[in-house]
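# Geometric and topological summary
Residues per chain are reported as follows:
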Amino acid sequence: MAKGESPLKQFEIKPIMDLELFGYDISFTNSSLWMTITTLFIIISFTLPFLKSKKTNSVEDLYPSRMQVAAELGFNFINNLITDTVGKEGKKYFPLVFSLFMFILFGNLFGMIPYSFTFTSHIIVTIGLALAVFLFVTILGFVKHGLKFFGFFVIPGLPIYMLPLLIPIEVISYLSRPISLSVRLFANMLAGHTLLKVFAGFVSALGFFGILPLVFIVALTGLEILIAFLQAYVFAILTCLYINDALHLH
Amino acid sequence: MPQLEQVEFFISQLFWLGVFFVILFLVLTYFTLPKIRAFLNKRDEFVQSHISKQDELIKKAEQLIENYEQKLNEAKNQASKIIAEAKESALQDSEKLIKATEDKIQQEIKNTEERVSKEKSLAIEELNDQLKDSASTFLSKITSFDKGNIKV
């Protein structure tokens, strides 16, 4: 770390190409660049292994390649996740959860590459994703249940005189879903990357004894990769639970 | 913190997030995931068809074993029947033979007895004659009577 450089500098957005649309600044930035890389990587790595089949109808076609096994692993992981939490009718929402999980997972993982940029460490990005999930789930609830969806805020089997107290609490907890969802992901990414940068500063500052923070950084990098996966998983499973709530109310 | 300071890039970030997430979602939904699902289904079908084929073959083998056992049992039954029949006929034959032999022996005994009795009577007659002769000679010797004068 250069002298006087803040550990937060890694989160700085640098425009690559200045663009404008209807008077709004939509510059293509380093954040957008890593979104592009993530999107392309996911599409290519999940599509390519499945393009080769259909040539013949032999048994050899059914043996998966290495890439294919990895892709199937991701596919089955999310498939099991949604069938375990939502059930059979959750299959319709599988592509959404799959896209969310993969987008966040590879956004987090590519952020671990030195000199790259972690777009999930930006609150506006995570809020965008969380709000999309929140709006989708709310609209889904209204489409499935109509006005009965408001019954979601009434806990069944509760005495009537408790309702004035509990309905506001339920409403607030429902409205805070996108906030908790977005802040959880954002804060985890921010804290991890900042911590790595701070300890990286110690390595150069301590001279020979910098080996100690260096060892720590190696361990911490492993932990960060775990967190990258974990946060994507948490985001996906919470989305599944919200979908389940919208489909089944209580 | 750049996340909260660089407000001027909020719209740009949201815009590109929307663009890329929608692209990712659409491509995955309508192209990649159906392909993966189709492939997995194809493999499942293949495995399932092979399992059912295997079940069929196992059933066929079981049927064959059953048939074989049935035939084996039939053959065994037939064999035991034949053996029993043979035993019976052999028994009957031997009984017949024994009876015939016994009859023959009986006949022989009867014949022998008849012959013996005949010979016995013959011998007695002869003895009588001899006795008569010897008696008349004895008398004629002591009395010197004519043989023809003696009445016995």
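Residue positions are given per chain, counting from 1 as you read along its sequence in written order. Both sets of labels track the order of writing: A upward for chains, 1 upward for ligands. Where local features are concerned, this predicted model is filtered to residues with pLDDT of at least 70; where side-chain atom pairs are given and counted, the filter is 80 or more; whole-chain, interface and lining totals use all residues. With hydrogens and water excluded, all non-hydrogen atoms of the structure serve as input to the side-chain values.

## What about the overall build of chain A?
When helices and strands are counted, chain A shows seven helices and four strands. Here a helix means four or more residues in a row that DSSP labels H or I, a strand means two or more in a row labelled E, and each is numbered from the N terminus. Ordering the α and β elements of chain A from the N terminus gives β-β-β-β-α-α-α-α-α-α-α. Dimensions of chain A, computed from C-alpha atoms along their principal axes, come out at roughly 70 × 60 × 45 Å. Accessible surface for chain A amounts to roughly 13100 Å². Of this, 73% is attributable to carbon and sulfur atoms. Accessible surface area values rest on a Shrake-Rupley calculation with a 1.4 Å probe, where residue burial reflects the displayed protein chains alone.

## A look at the packing of helix 1 (residues 30-47) of chain A against helix 3 (residues 94-111) of chain A
Residues and elements named next belong to chain A. Axis definition: a line fitted to C-alpha atoms, over the contacting stretch in the case of helices. Angles run 0 to 180 degrees between N-to-C directions. Direction vectors running N to C along helix 1 and helix 3 enclose 120 degrees, while the axes themselves pass 9 Å from each other. Here helix 1 lies oblique to helix 3, going by the angle between them. Considering the relative orientation of helix 1 and helix 3, their crossing is right-handed. Of the residues in helix 3, those in contact with W34, M35, I37, T38, T39, F41, I42 and F46 of helix 1 are F98, M102, F103, F106, G107 and F110. Taken together, the residues of the contact of helix 1 with helix 3 break down into eleven nonpolar, three polar and no charged. Under this scheme an angle from 65 to 115 degrees is roughly perpendicular, one under 35 degrees roughly parallel, and one over 145 degrees roughly antiparallel; angles in between are oblique. What makes a crossing left-handed is the near helix being turned counterclockwise from the far one by less than a right angle; a clockwise turn instead makes it right-handed. In what follows, a contact means two residues having at least one pair of non-hydrogen atoms within 4.5 Å. Any residue that is not Ala, Val, Leu, Ile, Met, Phe, Trp, Tyr, Cys, Pro, Asp, Glu, Lys or Arg is counted as polar, Gly included; the first ten are nonpolar and the last four charged.

## Brief notes about the interface of chain B and chain A
Tallying the contact residues gives 34 residues for chain B and 53 residues for chain A. Approximately 4100 Å² of surface area, both sides summed, lies buried where chain B meets chain A, with 78% of it carried by carbon and sulfur atoms. By salt bridge we mean one thing: a side-chain nitrogen of Lys or Arg within 4 Å of a carboxyl oxygen of Asp or Glu. Taken together, the connections running from chain B to chain A amount to one salt bridge. Its salt-bridge partner being B:R43, residue A:E72 comes within 2.7 Å of it at the nearest N-O pair. In the analysis that follows, any N or O atom pair within 3.5 Å is treated as a polar contact, provided that within protein one partner can donate a hydrogen and the other can accept it, and provided that, for residues neighboring in sequence, both atoms belong to side chains. Inspection of the region where chain B meets chain A yields seven residue pairs in polar contact (both at pLDDT 80 or more). Two parts lose some accessible area (1.4 Å probe) when they are put together, and adding that loss for both gives the buried area.

## What to know about the environment of B:L40
In this structure, B:L40 sits in helix 2 (residues 10-143). Discounting residues that sit within four places of it in the chain, B:L40 has contacts with A:E72, A:F75 and A:N76.

## So, helix 7 (residues 211-248) of chain A
Along its 38 residues, helix 7 of chain A runs 55 Å from first to last C-alpha, staying within 8% of the 56 Å computed at 1.5 Å per residue. Positive backbone phi, at 50 degrees, marks A:L249, one or two positions downstream of helix 7 of chain A. Here the expected span of a helix is defined as 1.5 Å times the quantity of residues minus one.

## Digging into the confidence of the model for chain B
Along the chain, pLDDT gives the predictor's confidence residue by residue, from 0 to 100. Confidence along chain B averages 88 in pLDDT terms, with 94% of residues attaining 70 or more. Here the predicted complex scores 0.74 on pTM and 0.86 on ipTM.

## Points about the environment of A:P168
All names here are of chain A. If you trace the backbone, P168 turns up in helix 5 (residues 163-175). Relative accessible area serves as the criterion here: at 38%, P168 is assigned to the partly exposed category. Sequence separation of P168 and F153 is 15 residues, and the distance between their C-alpha atoms is 8.3 Å. Categorising residues by exposure relies on relative accessible area from a 1.4 Å probe, with only protein chains included: less than 20% of the type maximum marks a residue as buried, more than 50% marks it as exposed, and the intermediate range marks it as partly exposed.

## Points about the packing of aromatic side chains
Stacked, edge-to-face and tilted are the three classes for Phe, Tyr and Trp ring pairs, Trp counted by its six-membered ring, which pair at centre distances within 6.5 Å; planes under 30 degrees apart are stacked, over 60 edge-to-face, the rest tilted. Applying the stated rule across the entire model yields 25 aromatic pairs over all chains. Pairing A:F77 with A:F101 gives two aromatic rings, centres 5.5 Å apart and planes at 50 degrees, and the pair type is tilted. In this pair, A:F77 is assigned in helix 2 (residues 66-85) and A:F101 in helix 3, connecting sequence segments 24 residues apart. Cluster of aromatic residues (ring-pair linked, three or more members): A:F28, B:F15, B:W16 and B:F20.

## Notes on helix 2 of chain B
Here helix 2 of chain B spans 189 Å end to end across 134 residues, near enough to the 200 Å set by a 1.5 Å rise per residue. One axis fitted to the seven residues ending at a residue, another fitted to the seven starting there: the angle between these axes is the bend at that residue. Along helix 2 of chain B, the largest kink reaches about 50 degrees and is centred on B:L28.

## A closer look at the side chain of A:S121
By the element assignment, A:S121 lies in the loop between helix 3 and helix 4 (123-145). Looking at A:S121, its side chain comes within polar contact range of the main-chain oxygen of A:T118, at 2.7 Å. Not counting chain neighbours up to four residues away, the residues in contact with A:S121 comprise A:F11, A:F186, A:M189, A:L190 and B:Q3.

## Focus: the packing of helix 2 of chain A against helix 7 of chain A
Residue and element names in this part refer to chain A. Where helix 2 contacts helix 7, the axes come no closer than 9 Å and their chain directions differ by 35 degrees. Here helix 2 and helix 7 pass one another in a crossing that is right-handed. Seen from helix 2, the contacting residues are F77, L81, I82 and T85; seen from helix 7, they are F229, Y233, A236, I237, C240, L241 and N244. Classifying every residue of the contact of helix 2 with helix 7 gives nine nonpolar, two polar and no charged.

## Things to note about a nonpolar patch on the surface
Residue and element names in this part refer to chain A. Surface patches are drawn from residues lacking salt bridges whose relative accessible area is over 30%; two like charges belong together within 9 Å, two nonpolar side chains (Val, Leu, Ile, Met, Phe, Trp, Tyr) within 5 Å. A grouping of F202, L206, F208, F209, I211, L212, L214 and V215 is seen on the molecular surface, where their side chains present a nonpolar patch of about 880 Å² in accessible area. Secondary-structure assignment places F202 in helix 6 (residues 177-205). The partly exposed category is assigned to F202, whose relative accessible area is 41%.

## Considering the pattern of salt bridges
All names here are of chain A. On inspection of all chains with the given rule, the structure shows two salt bridges over all chains. Between D245 and R177 there is a salt bridge whose closest N-O contact spans 2.7 Å. With D245 in helix 7 and R177 in helix 6, the pair connects residues that are 68 residues apart, well separated along the chain. According to the relative accessible area criterion, D245 is partly exposed, its value standing at 22%. Of the residues examined, R177 reaches a relative accessible area of 11% and is grouped as buried.

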